[in-house]
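# Understanding the architecture of this molecule
So you can see what is in the structure, the chains are spelled out below.
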Amino acid sequence: MSRIGLMPIAIPAGVTVDVAENNTVTVKGPKGELKRSLPAEMTITQENGEIKIARPNDLKKEKALHGLTRALLHNMVVGVTDGFTKTLEINGVGYRAEKKGKVLTLHLGYSHNIEMEDPDGVETKVDGNKIILSGIDKEAVGQWAANIRAKRGPEPYKGKGIKYDYETIRRKVGKTGKK
């Protein structure tokens, strides 16, 4: 049995969950509203302030969708109550970020500055050498963080570039000259 798929999702106070036909789920909470179409094979039920997901049979595909559906729904509920954040660090001499309105400007040692506009539902803040991303959609926040990091990923010799705050860079020893 799917351990994750069988766990019920508690609905906190102030959150409403509506399941329409074809498993189109709308979750409304204090931070906003999320809408997503989940796999139609799964049966989503609400009872006693909890959401339960059931699968029709034990085929491999249904087992995989069972846990996925539960995880997506749980992330929606957590997103509208608490939200999600990711923090990126910029390391390197002359590497920095600026924020003007919805535009994030990155100075990363290229001949030009990189300007990126925040997507809908994701807010970006710059605090020194840190870029803090926050939003209610976990997928959108994670993808935006990955897009920013991809502009100049960390390199192993000097550790320069953009990395996640929890990430550790495995350092390499540089060349040694002949003597």
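Our subject is the structure listed above.
As a starting point, this report considers the structure included with it. These figures come from a predicted structure and were not determined experimentally. (Residues numbered from 1 in each chain as written. Predicted model: local features only at pLDDT ≥ 70, side-chain atom pairs only at ≥ 80, totals over all residues. Heavy atoms only, no water.)

## Examining the sheet that holds strand E6 (residues 50-54)
Going by this rule: DSSP calls a pair of strands paired once it identifies at least 2 bridges connecting them. Secondary structure counts use DSSP, requiring at least four H or I residues in a row for a helix and at least two E residues in a row for a strand, with both numbered from the N terminus. Any two residues whose heavy atoms approach within 4.5 Å are treated as being in contact. Think of each axis as a best-fit line through the C-alpha atoms, taken over the contacting stretch in the case of a helix, with angles from 0 to 180 degrees between the N-to-C directions.
Ordered in space as E1-E6-E5, the three strands form an open sheet in which the pairing is antiparallel. Bordering the open sheet on either side are strand E1 (9-10) and strand E5 (43-47), each of which pairs with just one other strand. Pairing of E5 with E6 involves five bridges; the strand directions are antiparallel. The residue of E6 that forms the bridge with Glu-47 is Glu-50. Taken strand by strand, helix H2 (residues 60-81) contacts E1, E5 and E6, and its axis lies near 160 degrees from that of E6.

## Digging into the nonpolar core
Across soluble globular proteins, nonpolar side chains have a tendency to be buried as a group. Applicable threshold: Definition used in this section: a nonpolar core is a set of buried Ala, Val, Leu, Ile, Met, Phe, Trp, Tyr and Cys residues joined via side-chain atoms within 4.5 Å. In this scheme, a residue with accessible area under 20% of its type's maximum is buried, one over 50% is exposed, and one in between is partly exposed, where area comes from a 1.4 Å probe on protein chains only.
Judged by nonpolar contacts, the single largest core of 19 residues is most densely connected at Val-17, Val-25, Val-27, Ile-44, Ile-51 and Leu-73. At the level of secondary structure, the elements contributing two or more residues to this core comprise strand E3 (24-29), E6 and H2. Here the element with the most residues in this core is H2; it accounts for six residues. Setting aside chain neighbours within four positions, we find Val-17 in contact with Ile-11, Val-25, Thr-26, Val-27, Gln-46 and Ile-51.

## With respect to the side chain of His-107
Put simply, the test is: Identification of polar contacts relies on pairs of N or O atoms within 3.5 Å, with a donor-acceptor requirement for protein atoms, meaning one able to donate a hydrogen and the other able to accept it, and with residues adjacent in sequence counted only if both atoms are side-chain atoms.
Relative to the helices and strands, His-107 is located in strand E9 (residues 103-107). A distance of 2.8 Å separates the side chain of His-107 from the side chain of Asn-113, its partner in a polar contact. Once residues lying within four places of it in the same chain are set aside, the contact partners of His-107 are Gly-94, Tyr-95, Arg-96, Glu-98 and Asn-113.

## Details of the packing of aromatic side chains
Which entries qualify depends on this criterion: Two rings belonging to Phe, Tyr or Trp (six-membered ring only in the last case) form a pair when the distance between their centres is within 6.5 Å. Interplanar angles under 30 degrees mark stacking, angles over 60 mark edge-to-face geometry, and anything in between is tilted.
Counted by the stated rule, this structure contains one aromatic pair. Ring plane angle 5 degrees and centroid distance 5.4 Å describe the contact between Tyr-164 and Tyr-166, whose orientation is recorded as stacked.

## Concerning helix H3 (residues 138-149)
Quick note on the threshold: Multiplying one less than the number of residues by 1.5 Å gives the expected span of a helix. This arc corresponds to the set of directions leading from the helix axis out to the C-beta atoms.
When the terminal C-alpha atoms of H3 are compared, their 17 Å separation across 12 residues agrees well with the 16 Å that a helix rising 1.5 Å per residue should span. Considered for burial, the residues of H3 that qualify are Val-141, Trp-144, Ala-145 and Ile-148. Each buried residue of H3 lies within a common arc of 100 degrees when the element is viewed along its axis, so the set occupies one face. Against the buried residues of H3 lie strand E7 (84-91), E9, strand E10 (114-117), strand E11 (122-127), strand E12 (130-135) and strand E13 (161-164).

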